[in-house]
Structures are given as C-alpha cells and as structure tokens.
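Descriptive structure summary
Take a look at the letters that make up each chain.
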Amino acid sequence: MLRLAAIVLLLANAGYYAWSQGWLRTWGLAPVEQSEPHRLAQQIRPETLRILPARDTAPVAAPVASEAPAEAATVCLQAGVLNTRQADAVRSAAAGLPQGSWSLEPITIAGRWMVYMGRFADDEALEKKRAELRARKLPFDRPGNPALEPGLSLGRFATEEAAQRALATLNGQGVRTAKVVAERAEAQGFTLRLPALDSATHAQAETQLRQALGDKTLRTCP
C-alpha cells in the first residue's frame with residue numbers, strides 16, 4: 001500500500017492530479033492549490049495595498065570631465081607719447097623683457113601754434129603788457145618755452161589756421177603787437193605697447209621701465 005501511494009504522489013507532482021481524483025488530499029499528499037481563493041487566503045491585509053503612479057526620473061548624468069585649467073589672465077599696457085630720446089632709453093631698458101612682449105610704435109606728434117606777444121626788453125615791459133591785457137579782460141599765460149621768455153601766450157592751437165583766426169579776433173579787440181608762432185613743430189614720436197603681460201611679466205616691466213619712462217606711466221590700452 002505504501003509503494004502504491006508513493007507512485008501516485010509522483011504522478012500528481014508531474015501534472016496528473018486530475019488522474020488521482022483527489023483521494024490523496026486527505027493524506028496531505030496533494031500539490032499546492034493555485035486557485036484564486038486559496039491565494040487570497042495567504043495575503044496579509046490586502047486592503048492596504050496602494051498602486052503608486054510611476055515617477056519620471058531624470059537620467060543620471062555622465063560624469064563631466066574636468067575642464068582644462070584656464071589660461072592666466074593678461075593685461076595690455078602702453079605708455080607715450082615718447083620722443084626720440086625717451087624711446088631710446090625705453091628700448092635699452094626693455095631689452096631684458098621676454099622677446100615679443102613689447103614694441104615701440106612710431107606716431108606723428110602734431111605741431112602746435114601759439115598767439116604770442118614778446119619777447120619783451122625786460123620784466124617792466126612785460127608787466128606793462130600784462131596790465132593792458134587785464135584791462136581788456138583778455139586771458140594770457142606764460143609761453144612755457146624758455147626761448148620765448150620774457151613773453152606772453154594768448155592761446156595755443158592745434159593748427160596754424162586756428163591760431164590765425166584767433167589772432168584776427170584779438171586784432172579786432174585792440175591787440176596790435178601779437179603774432180602767430182610755432183610753439184612746437186611737427187615731430188616723430190613713439191608709443192610703448194606691451195600687449196599681453198601676465199602678472200610676473202607685468203611686475204618685471206614696471207621695475208625695468210620705471211626710470212626710462214620718466215614722467216610717462218604705463219596705463220591700460222584703450
């Protein structure tokens with residue numbers, strides 16, 4: 001009898017439960033029941049189950065490769081206008097700077113004209129003329145050029161034509177002894193340009209060029 005029960009159990013587990021007609025269930029040898037009522041009995045508090053909506057999730061970003069280090073900041077500086085003597089001094093002083101870090105760019109220095117009175121014989125004649133100009137309420141100052149002292153400037157102009165027009169106006173105001181002179185003739189000049197200085201080269205340039213530049217200063221390029 002035990003041998004027959006073992007054979008029937010094997011057949012039931014292989015899918016032949018219908019053949020056994022369920023008579024082995026009373027012995028506890030039937031396969032597990034898969035019907036819906038039986039499965040519901042195994043659930044724990046099914047009424048608490050909630051179906052949650054699917055959430056959109058952003059894709060995980062791939063790691064970004066580290067950026068290349070930024071280049072060191074540079075600054076463009078210039079100084080001028082330099083005359084020929086100053087340019088020669090700067091050229092010698094800048095020789096120790098890195099090659100290609102500086103240049104002297106030639107420019108033309110425009111001439112300047114002056115409406116001028118003088119030269120006077122002495123300081124007494126100069127003071128007399130000053131009193132006359134004050135009485136006419138006309139502005140004046142010193143020429144600034146030792147070659148024109150003692151004398152008076154009644155105005156400086158960028159062109160000779162402008163100076164001549166000013167002289168004609170002064171003649172109409174009673175000024176008779178003034179004339180137009182070239183205060184400064186047109187000349188060749190230079191601008192020192194340092195287009196891309198990093199912090200180290202900037203400090204080096206300031207040190208090496210300070211004396212050669214004299215009253216000229218390095219300033220940011222326009």
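Each remark here, short or long, concerns the structure printed above.
Structural notes, computed from the coordinates. Being a predicted model, the structure only gives us computed values, none of them experimental.

How each quantity is defined
- Residues numbered from 1 in each chain as written.
- Predicted model: local features only at pLDDT ≥ 70, side-chain atom pairs only at ≥ 80, totals over all residues.
- Heavy atoms only, no water.
- Helix = DSSP H or I, 4+ residues; strand = E, 2+ residues; numbered from the N terminus.
- Areas by Shrake-Rupley, 256 points an atom, 1.4 Å probe, with all protein chains shown as cover.
- Pairing = 2+ DSSP bridges.
- Contact = heavy atoms within 4.5 Å.
- Axes fitted to C-alpha atoms, helices over the stretch in contact; angles between N-to-C directions.
- Parallel < 35°, antiparallel > 145°, perpendicular 65-115°, else oblique.
- Left-handed = near helix turned anticlockwise from the far one by under 90°.
- Expected span 1.5 Å × (residues − 1).
- Buried < 20%, exposed > 50% of the residue type's maximum accessible area, 1.4 Å probe, protein only.
- Arc of directions from axis to C-beta.
- Polar contact = N/O pair within 3.5 Å; in protein donor to acceptor, adjacent residues only side chain to side chain.
- Salt bridge = Lys/Arg side-chain N within 4 Å of Asp/Glu carboxyl O.

1. Looking at the overall build of the chain
Along the chain, the regular secondary structure elements total six helices and seven strands. If you list the helices and strands of the chain from N to C, you get α-α-β-α-β-β-α-β-α-β-β-α-β. For the chain, the accessible area works out to roughly 16100 Å², and carbon and sulfur atoms hold 56% of it.

2. A few points about the sheet that holds strand S6 (residues 187-197)
Taking strand neighbours across the sheet as the criterion, the four strands line up as S2-S6-S1-S7 in an open arrangement whose pairing is antiparallel. Two strands lie at the open edges of the sheet, namely strand S2 (103-109) and strand S7 (219-220), each paired on one side alone. Relative to S7, strand S1 (residues 75-82) runs antiparallel, the two being bridged by two bridges. What sits directly across from Leu-77, in S7, is Thr-220. Docked against the sheet, helix H3 (residues 84-93) engages S1, S2 and S6, running at close to 140 degrees with respect to S1. Taken strand by strand, helix H6 (residues 199-213) contacts S1 and S6, and its axis lies near 155 degrees from that of S6.

3. Considerations on the sheet that holds strand S3 (residues 112-118)
One open sheet accounts for three strands, arranged S4-S3-S5; its pairing is antiparallel. The open sheet has two edge strands with one neighbour each: strand S4 (151-157) and strand S5 (179-184). Neighbour-to-neighbour, the strand axes of the sheet open up by a mean angle of 40 degrees, direction not taken into account. Of the pairings in the sheet, the one linking S3 to S4 comprises five bridges and is antiparallel in character.

4. Regarding the pairing of S3
Remember that side chains alternate between the two faces of the sheet whenever the strand is regular. In this structure, S3 lies alongside S5, joined through five bridges in antiparallel fashion. Bridge pairing in S5 links Met-114 to Val-181.

5. A few points about the packing of H3 against H6
The N-to-C vectors of H3 and H6 enclose an angle of 160 degrees; their axes lie 9 Å apart at closest approach. Classified by the angle between their axes, H3 and H6 sit roughly antiparallel to one another. The hand of the H3/H6 crossing is right-handed. Facing Ala-89, Val-90 and Ala-93 of H3, the residues of H6 in contact are Gln-208, Leu-209, Ala-212 and Leu-213.

6. What about helix H4 (residues 123-135)?
Between the first and last C-alpha of H4 there are 19 Å, a value that for 13 residues agrees with the 18 Å anticipated at 1.5 Å per step. By the burial criterion, the buried members of H4 are Leu-126, Lys-129 and Leu-133. Buried residues of H4 fall within an arc of 65 degrees about the axis and therefore sit on the same side. The exposed residues of H4 that point more than 90 degrees off its buried face are Glu-124, Lys-128 and Ala-135. Each element contacted by the buried residues of H4 is listed here: S3 and S4. Backbone geometry just after H4 places Lys-137 at a positive phi near 60 degrees.

7. Description of the side chain of Glu-183
Of note, Glu-183 is situated in strand S5. Owing to a relative accessible area of 15%, Glu-183 belongs among the buried residues under this scheme. Only 2.7 Å separates the side chain of Glu-183 from the side chain of Arg-112, close enough to count as a polar contact. Within the structure, the side chain of Glu-183 is placed 2.9 Å from the side chain of Arg-156, a separation counted as a polar contact. Excluding residues within four positions of it along the chain, Glu-183 makes contact with Arg-112, Trp-113, Met-114, Pro-143, Asn-145 and Arg-156.

8. Things to note about the pattern of salt bridges
Applying the stated criterion to the full structure yields eight salt bridges. Here Arg-112 and Glu-183 are joined by a salt bridge, their closest N and O atoms 2.7 Å apart. With a gap of 71 residues between them, Arg-112 in strand S3 and Glu-183 in strand S5 connect regions that are remote in the sequence. The partner of Asp-141 in a salt bridge is Arg-156, and the shortest N-O contact between them spans 3.1 Å. Of this pair, Asp-141 sits in the loop between H4 and S4 while Arg-156 sits in strand S4; the two residues are 15 residues apart in sequence, bridging distant segments of the chain. On the accessibility criterion, Arg-156 (30% relative accessible area) is partly exposed.

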